[in-house]
Amino acid sequence: MLEQIYRWGSLVFIEIEGGKSASGDLEIQGSKNAALPIIAAAILTKEPVVLAHCPKIQDVYAMIAMLRSIGVNVWWDEDALVIHAEHIRCCKVTEPMAGEIRASVLFLGALLGRCGQAGICMPGGCSIGARPIDFHMSAFSEMGVSVSVTEEEIWCEATTSGAQRVRLPYPSVGATENVILYAVLGSGRIIVDNVAKEPEIQELCRFLRSMGARIRGEGTGRIEIIGVRELHSTVYQLPADRIVFLTYAAVVAATCGNVFLQTYGQCFPAECMYLEKIGCRLRTSSEGIWIWRKDELRSIPYVRTGPYPRFPTDAQSLFLALMTRGNGKSTIEESVFENRFLVVSQLQKMGAEVEVEGQCAYVQGVERLRGASVVATDLRSGAALMVAGTMAEGTTVIDKCHFILRGYEWPVECLQRLGLGARYRCE
Ligand code: UD1
């Protein structure tokens, strides 16, 4: 069923029947944003790499198609993805999927590291802003890579040994990952400043260290990498996805639910703090997190998204959806992407009171939302509409749900497992 939905994604709708309360338990899938750079990193060794708890989502399938297009063997062993890049047939990713997802840009760093040259067609991604790649390219140039960019493609070649210190103009997640992917193989030592501190960066570094890489400083603003001659095979378990955790936690908050979310020991303190602020109660165990809400859904007077450890931009539309039923006024400022309030017009169709001015959304909580026909415009707006649907009266029909399937494994089945009314509808 799921593969069919992926194929016919844009013809499938998700229908949500509001008014029920979430209960039971749910395993949180492996992290998308950890998986994508790690999948690219797997080509840095000729030996097989096993990624356990790898999410079966559209973005991962796109990365697999790109790996296969350059001659890498990839297969599933239950929930583990096995990648064996014994030979790379070609250092240019021409697979059309590369133009559709942003993470394809990570093949530049990985292919440069492995082959000394790399090409991809212009990367895509969700329509949440301009999303240029100038920080990636300027860091590569400083590291001695010649870069040529046309409207259709990017071509990079390692030429000289390059600078030993690089400073990113902004702590971009993707640029940090690309620099790491390129620098781990080789004979040089490099210090990179103003790097992103996201948990997914830390995960990439832990993964590379498990293959023999020499990296330190991840999670701080400075990373030091000492190149090694080769990397070796590893078996690595991907962590639970913190944004998927927040999505189902938001469903609990939305429906006055009581649910155990299995997170494989992760406790997501930064994310949980925001859930507590809006009136959720949480209890952490060694396996996961109990979450429930009995009290009012509290509005957040002001929150601004920013690079980690600030409020994650990927959770912005989820909280925006929740705040439409909050007990007062909320202001949400988006500081990372310039076009991330597309969900607002859809929430308005459901009766939400939200005004957008520049990079701020002003939300006035209302008594009720009503089900409506809405359209997902990107991955997280789609997830936010699912959350809104669970707290609306009547039926919400979400169109373009292929965006949701880019990052969520079995979203309808997960909602059903929590006792909520959800189903796919094909037309
Ligand atoms: C990653 C995440 C995405 C998350 C984002 C911010 C993955 C696969 N995706 O995306 O889910 O929302 O981090 O936490 O991990 N920018 C430039 N030039 C560049 C690079 C970035 O101007 O060369 C800008 C972007 O347009 C954006 C901001 O910097 O406004 C942050 O982008 P970045 O941190 O690079 O995000 P991604 O790696 O694309």
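Our subject is the structure that appears above.
Treat the numbers as computed from the prediction; the structure is a model and nothing was measured. Residues take numbers from 1 onward in each chain, read along the sequence in its written order. Residues qualify for local features only when their pLDDT is at least 70, as the model is predicted, and side-chain atom pairs are given and counted only at 80 or more; totals for whole chains, interfaces and linings, by contrast, use all residues. Hydrogens are left out, water is left out, and the side-chain values use all remaining heavy atoms of the structure.

Draft legend 1. The arrangement of the sheet that holds strand β1 (residues 12-17) in detail. The sheet built from four strands is open, its strands ordered β23-β25-β1-β26 with mixed pairing. The open sheet terminates on both sides in strands that have one partner only, identified here as β23 (373-375) and β26 (421-426). Ignoring which end each strand starts from, the neighbouring axes of this sheet average 25° apart. Pairing between strands requires that DSSP locate at least two bridges from one strand to the other. Here a helix means four or more residues in a row that DSSP labels H or I, a strand means two or more in a row labelled E, and each is numbered from the N terminus. In the sheet, β23 pairs with strand β25 (residues 395-399) via three bridges, with the strands oriented parallel. When the sheet's bridge partners are listed, V374 is paired in β25 with I398. Running over the sheet, helix α12 (residues 379-391) touches β1, β23 and β25 and is turned about 30° from β1. Think of each axis as a best-fit line through the C-alpha atoms, taken over the contacting stretch in the case of a helix, with angles from 0 to 180 degrees between the N-to-C directions. In what follows, residue pairs with any heavy atoms lying within 4.5 Å of each other are defined as contacts.

Draft legend 2. Representation of the state of the cysteines in the model. Disulfides are defined as pairs of cysteine sulfur atoms found within 2.5 Å of each other. Throughout the structure, instances matching the rule amount to zero disulfides. Not engaged in a disulfide, the cysteine C280 finds its nearest cysteine sulfur in C256; these two sulfurs lie 9.2 Å apart. Residue classification places C280 among the buried positions, given a relative accessible area of 4%. Under the scheme applied here, a residue whose accessible area is under 20% of the maximum for its type counts as buried, over 50% as exposed, and between as partly exposed, the area being computed with a 1.4 Å probe on protein chains only.

Draft legend 3. Examining the packing of helix α8 (residues 242-255) against helix α10 (residues 316-323) more closely. Where α8 contacts α10, the two axes come as close as 10 Å, and the packing angle between them is 5°. In terms of axis orientation, α8 runs roughly parallel to α10. For the pair α8 and α10, the contacting residues are I243, L246, T247, A250, A253 and A254 in the first and L318, F319 and L322 in the second. Taken together, the residues that form the contact of α8 with α10 break down as eight nonpolar, one polar and no charged. Our angle categories are set so that under 35 degrees counts as roughly parallel, over 145 as roughly antiparallel, 65 to 115 as roughly perpendicular, and the remainder as oblique. Three classes are used: nonpolar for Ala, Val, Leu, Ile, Met, Phe, Trp, Tyr, Cys and Pro, charged for Asp, Glu, Lys and Arg, and polar for all others, with Gly counted as polar.

Draft legend 4. The arrangement of the packing of aromatic side chains in detail. Side-chain rings of Phe, Tyr and Trp, where Trp is taken by its six-membered ring, are said to pair if the distance between their centres is within 6.5 Å; with planes under 30 degrees apart they count as stacked, over 60 as edge-to-face, and otherwise as tilted. Tallying each qualifying case throughout the model produces nine aromatic pairs. With centroids separated by 6.0 Å and ring planes inclined at 85°, the aromatic side chains of F140 and Y182 adopt a geometry described as edge-to-face. Of this pair, F140 sits in helix α5 (residues 134-142) while Y182 sits in helix α6 (residues 173-183); the two residues are 42 residues apart in sequence, bridging distant segments of the chain. Pair check on accessibility: F140 and Y182 agree, each one buried.

Draft legend 5. Representation of helix α4 (residues 106-115). Counting buried residues along α4, nine of its ten residues qualify, which places the element largely inside the surrounding structure. Three or more residues of α4 are buried, namely L106, F107, L108, G109, A110, L111, L112, G113 and R114.

Draft legend 6. Summary view of the site of the ligand. Neighbouring residues are identified by heavy atoms, a residue being near a molecule or strand if any of them is within 4 Å of it. The environment of the ligand is made up of 19 residues, and the closest members are D134, F135, S172, D314 and V336. Residue-level accessible areas treat just the shown protein chains as cover; the underlying method is Shrake-Rupley with a 1.4 Å probe. Here the ligand, which alone exposes 740 Å², has 88% of that area covered by the protein. Where the shell around the ligand is concerned, the elements lending two or more residues are α2 (32-41), α5 and α6. The element that contributes the greatest number of residues to the shell around the ligand is α5, accounting for three residues.

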